[in-house]
Amino acid sequence: MLNVPSQSFPAPRSQQRVASGGRSKVPLKPGRSLMDWLRLTKSGKDLTGLRGNLIDVTEEELKKHNKKDDCWICIRGFVYNVSAYMEYHPGGEDELMRAAGSDGTDLFDQVHRWVNYESMLKECLVGRMAVKPPISKDCHEEKKVLNGLIPKSQVTDTFTKEGPCSPSYDWFQTESLVTIVIYTKQKDIGLDSIIVDHQDDVFRAETIIKDYSYLMYLGLNNEIQEDFSVKIVENVGKVEIVLKKKSNTSWECLGHPLENHNSFVPKKDRGLYYRKCQLISKEDVTHDTKLFCLMLPPSSHLQVPIGQHIYLKLTITGTEIVKPYTPVSDTLRSEVQELVHCNNRYIYFLIKIYPTGLFTPELDHLKIGDYVSVSSPEGNFKKSQLQGLEDLFLLAAGTGFTPMVKILNYALTNLPSVRKVKLMFFNKTEDDIIWRRQLEMLTCKDKRFDVEFVLSEPTSEWNGKKGHISPLLLSEFLLRSTDKAKILICICGPTPFTQQGIRLLHDLNFSEDEIHSFTA
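Within every chain, residues take consecutive numbers counted from 1 along the sequence as written. Owing to the predicted nature of the model, reporting of local features is limited to residues with pLDDT of at least 70; listing and counting of side-chain atom pairs is limited to 80 or more, with chain, interface and lining totals taken over all residues. For the side-chain quantities, the full set of heavy atoms in the structure was used; hydrogens and water were omitted.

Observations regarding the overall build of the protein
(1) Moving on: Where helices and strands are cited, they refer to DSSP runs of H or I of at least four residues and of E of at least two residues respectively, numbered from the N terminus. A tally of helices and strands in the protein yields 11 helices and 30 strands.
(2) Moving on: Classification of the 520 residues of the protein by burial places 54% in the buried group.
(3) Moving on: The long-range share in the protein, meaning contacts at least 24 apart out of those at least 6 apart in sequence, stands at 73%.
(4) Moving on: As presented, the protein carries roughly 24800 Å² of accessible surface, and 49% of it is formed by carbon and sulfur atoms. Exposed residues in this analysis have more than 50% of their type's maximum accessible area, buried residues have under 20%, and partly exposed residues fall in between, with area computed by a 1.4 Å probe over protein chains only. Residue contacts follow a heavy-atom distance rule, with two residues in contact if any of their heavy atoms lie within 4.5 Å. Here the open area of atoms and residues is found with the Shrake-Rupley method and a 1.4 Å probe, where only the protein chains shown may cover a residue.

Things to note about the pattern of salt bridges
(1) Moving on: Salt bridge, as used here: a side-chain nitrogen of Lys or Arg that lies within 4 Å of a carboxyl oxygen of Asp or Glu. Inspection of every chain in the model, using the stated rule, returns 27 salt bridges.
(2) Moving on: Across the pair Glu206 and Arg204 runs a salt bridge whose closest N-O atoms are separated by 3.4 Å. Across this residue pair, the class does not change: Glu206 and Arg204 are buried.
(3) Moving on: We note a salt bridge from Glu320 to Lys313, for which the minimum N-O separation is 3.9 Å.
(4) Moving on: The class of Lys313 is buried, set by a relative accessible area of 18%.
(5) Moving on: Each of the salt bridges in this network shares a partner with another, and the network as a whole consists of Lys282, Asp284, Lys290 and Asp364.

Section: the sheet that holds strand β21 (residues 319-325)
(1) Moving on: Following DSSP output, two strands are said to pair if at least two bridges run between them. The strand order β21-β20-β24-β17-β18-β23-β22 describes an open sheet built from seven strands, whose pairing is antiparallel. Edge positions in the open sheet fall to β21 and β22 (327-328), since each of these has one partner strand only.
(2) Moving on: Sheet analysis places strand β17 (residues 274-284) next to strand β18 (residues 289-295), joined by six bridges and oriented antiparallel. Within the sheet, the bridge partner assigned to Gln278 lies in β18 and is Met295.

Considerations on the pairing of strand β20 (residues 310-316)
As a general feature of sheets, a regular strand has side chains that alternate between the two faces.
(1) Moving on: With six of its seven residues buried, β20 lies for the most part within the structure.
(2) Moving on: The antiparallel hairpin formed by β20 and β21 contains two residues in its connecting segment, where Thr317 sits at a positive phi of about 50 degrees.
(3) Moving on: Two elements, β20 and strand β24 (residues 371-375), share two bridges in a ladder whose sense is antiparallel. In the sheet register, Lys313 faces β24, and the bridge partner there is Ser373.

Describing helix α8 (residues 402-414)
(1) Moving on: Helix span, as expected, comes to 1.5 Å for every residue beyond the first. Compared with an ideal rise of 1.5 Å per residue, which puts 13 residues at 18 Å, α8 spans 19 Å between its outermost C-alpha atoms and is within 8% of the ideal.
(2) Moving on: In terms of residue burial, α8 counts as a mostly covered element, since 10 of its 13 residues are buried.
(3) Moving on: Buried within α8 are the following residues: Thr402, Pro403, Met404, Val405, Lys406, Ile407, Leu408, Tyr410, Ala411 and Leu412.

Considering the environment of Leu215
(1) Moving on: Positionally, Leu215 belongs in strand β12 (residues 212-220).
(2) Moving on: Residues Leu215 and Glu259 lie 44 residues apart in sequence; the distance between their C-alpha atoms is 9.9 Å.
(3) Moving on: If we ignore the near neighbours within four places in the chain, the residues touching Leu215 are Arg204, Ala205, Glu206, Glu259, Asn260, His261, Asn262, Ser263 and Arg270.

A closer look at the nonpolar core
(1) Moving on: To qualify as a nonpolar core, a set must consist of buried Ala, Val, Leu, Ile, Met, Phe, Trp, Tyr and Cys residues joined through side-chain atoms within 4.5 Å. Ranked by internal contacts, the top residues of the largest apolar core, which has 47 residues, are Trp37, Leu312, Phe349 and Leu363.
(2) Moving on: No other element matches the four residues that β20 contributes to this core.
(3) Moving on: When near neighbours in sequence (up to four residues on either side) are disregarded, Leu363 contacts Phe292, Leu312, Leu314, Ile351 and Val372.
(4) Moving on: With 41 residues, the next largest nonpolar core counts Tyr348, Leu394, Ala396 and Tyr410 among its residues.

Overview of the packing of aromatic side chains
(1) Moving on: Centres within 6.5 Å are what make two rings of Phe, Tyr or Trp a pair, Trp counting through its six-membered ring; a difference in plane orientation under 30 degrees is then read as stacked, over 60 as edge-to-face, and the rest as tilted. Taken as a whole, this structure holds 13 aromatic pairs when the rule is applied.
(2) Moving on: Considering the side-chain rings of Phe401 and Trp435, the 6.2 Å spacing of their centres and the 85 degrees angle between planes classify their relative orientation as edge-to-face. A residue pair is termed long-range when its members are at least 10 positions apart, and Phe401 in the loop between β25 (391-397) and α8 and Trp435 in the loop between β26 (420-427) and α9 (436-445) qualify at 34 residues. Side by side, Phe401 and Trp435 carry an identical accessibility label, which is buried.
(3) Moving on: Distance and angle both matter: a charge sits over a ring if NZ of Lys or CZ of Arg is within 6 Å of the ring centre and within 35 degrees of the ring normal. The ring of Tyr217 has Arg204 lying over it, and the distance from NZ or CZ to the ring centre is 6.0 Å.
(4) Moving on: The ring of Tyr274 carries the charged tip of Lys313 above its face, separated from the ring centre by 4.0 Å.

Quick notes on the confidence of the model for the protein
(1) Moving on: Confidence scores here are pLDDT values: one per residue, from the predictor, ranging 0 to 100. The predicted model of the protein has a mean per-residue pLDDT of 85, with 85% of residues at 70 or higher.
(2) Moving on: Below pLDDT 50 for its whole length, residues 1-23 participates in 105 contacts with residues either more than four positions away or in separate chains.
(3) Moving on: In the model, residues 132-154 has pLDDT below 50 throughout and makes 39 contacts with residues more than four positions away in sequence or in other chains.

A word on empty space enclosed by the protein
If a probe the size of a water molecule is rolled over the atoms, the empty space left behind becomes visible.
(1) Moving on: A cavity, in this analysis, means grid points on a 1 Å lattice covering only the protein atoms where a 1.4 Å probe fits yet has no way out; a pocket is instead an open set bounded by protein on both sides within 12 Å along at least five of seven lines, and a residue lines either one if it has an atom within 4 Å of a point. Grid points are joined across faces, edges and corners, and a volume is the space filled by probe spheres set on the points. Under the defined criterion, the tally for this structure stands at two cavities of 30 Å³ or more.
(2) Moving on: If you add up the space inside the largest cavity, you get close to 60 Å³.
(3) Moving on: Taken together, Ile195, Glu206, Ile208, Lys267, Arg270, Gly271, Leu272, Tyr273, Ser376, Pro377 and Glu378 form the lining of the largest cavity.
(4) Moving on: Polar here means any residue other than Ala, Val, Leu, Ile, Met, Phe, Trp, Tyr, Cys and Pro, which are nonpolar, and Asp, Glu, Lys and Arg, which are charged; Gly is therefore polar. The residue makeup of the lining of the largest cavity, split by class, is five nonpolar, two polar and four charged.
(5) Moving on: Looking at the second largest cavity, its volume works out to about 30 Å³.
(6) Moving on: Lining the second largest cavity we find Leu279, Phe292, Leu294, Leu312, Phe349, Ile351, Leu363, Leu366 and Val372.
(7) Moving on: Secondary structure elements with two or more residues in the lining of the second largest cavity: β18 and β23 (346-352).
(8) Moving on: Its residues assigned to classes, the lining of the second largest cavity comprises nine nonpolar, no polar and no charged.

As for the side chain of Thr289
(1) Moving on: With respect to the element layout, Thr289 can be found in strand β18.
(2) Moving on: Of the polar contacts made by the side chain of Thr289, one reaches the side chain of Asp288; its length is 3.1 Å.
(3) Moving on: When sequence neighbours within four positions are dropped, the list of residues in contact with Thr289 reads Glu283, Asp284, Leu350, Ile351, Lys352 and Ile434. For this analysis, a polar contact is any N or O atom pair within 3.5 Å, provided that within protein one partner can donate a hydrogen and the other can accept it, and provided that sequence-adjacent residues contribute only side-chain to side-chain pairs.

Structure representation (structure tokens):
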């Protein structure tokens, strides 16, 4: 039987900076760029061969279409004719053919799950798989439990016994407030573990518990104000969400359940959720890199954990284009104009603008006050990797610096065990170095921190280190404070840089547990 999960925008595992194993790109023929593909989809050409008709596809029918000039692929229960897309696929035709005539959902998730295939391939849609959908729960049964604690037996569990315990929730009210309490049964829950959105009387709260996701998703029966508060009682793993009533009336129930309400599944199986954020500021950092500041709506609570990323989504020539970016903190912003940004409503990004690119020029053309869709966080970096750490080494090239910002800041601020944090920052020229002065100032403020700049195309006046990542540079840089010091080496940059760096680190006898790679 084919996999037919619900059609929601995918995301887990693939990211701008994820753990090792980025896919290889294949050189495309002239006229086969993403923009060329978008033009083809707008041309009116029949890309399905069905003259606009949608059909139900059986497994037997799907299997027949397994050749390059007649290639159908199933993704999440929807079948696409990707024959015309073969020459436009950055991963090459052979990669697509691995899923020809079959269910390619798992393969798609392994390689690039964040890609918005629904938008890019909408003109290639043949139809749905002829599989009966699962029977939904009786709504009346669900409504019975909306006034009190959810019995464990009614929470959707699809994971192994080794996973965390199923959460539950309850709610109570006063004349003006409604408090929702989520019992996670975990002690390591923080404010960055809970994502809350309220849009058009729809309430959504997703709690991340280790590698699992617990979802509350309700249509509220009564109106609430935009703003709300979120509180964590860490020692018992309790989440409290306090909503403000618009009118001081007694609620008979919290609301009616929406799709996947009260479900607890592996996080990789949960689709991404977007909210619109407003562009507050945009400032030059280098000749081609800018610092963007986006503001969350008052009806959202979202904090991006360190080492994780989000997805920005824009509609370009009628097609939704999605790109992953790692937020940075603003604590090194000593040379940027002071902005009174409080709480955690603001998300910052250091983004390199590619003049001939598709996404970043469009992002750069946004005006202050415009909106961008921002996803929930993704990523597999865990704070636990930093526990008890003594030496932290960061290897970054270009905008591979972005995930390092929060990591180094967290280490220097929250890890008393840390003896030193060292950054080796690779760039082409001095003009390419992001936040150079801020980094140099940090070395003066905190003696545990040190930075070394390495340039591949320096001027004759450059007195620092030169060249590319190499055994010599690394062996001189990666010196433990003591022979048995617990260390972590984080590496991020263009794929060739990261792959070469990982090979060199293994040659230098660093273990897998001592290396965390982020690949583009």
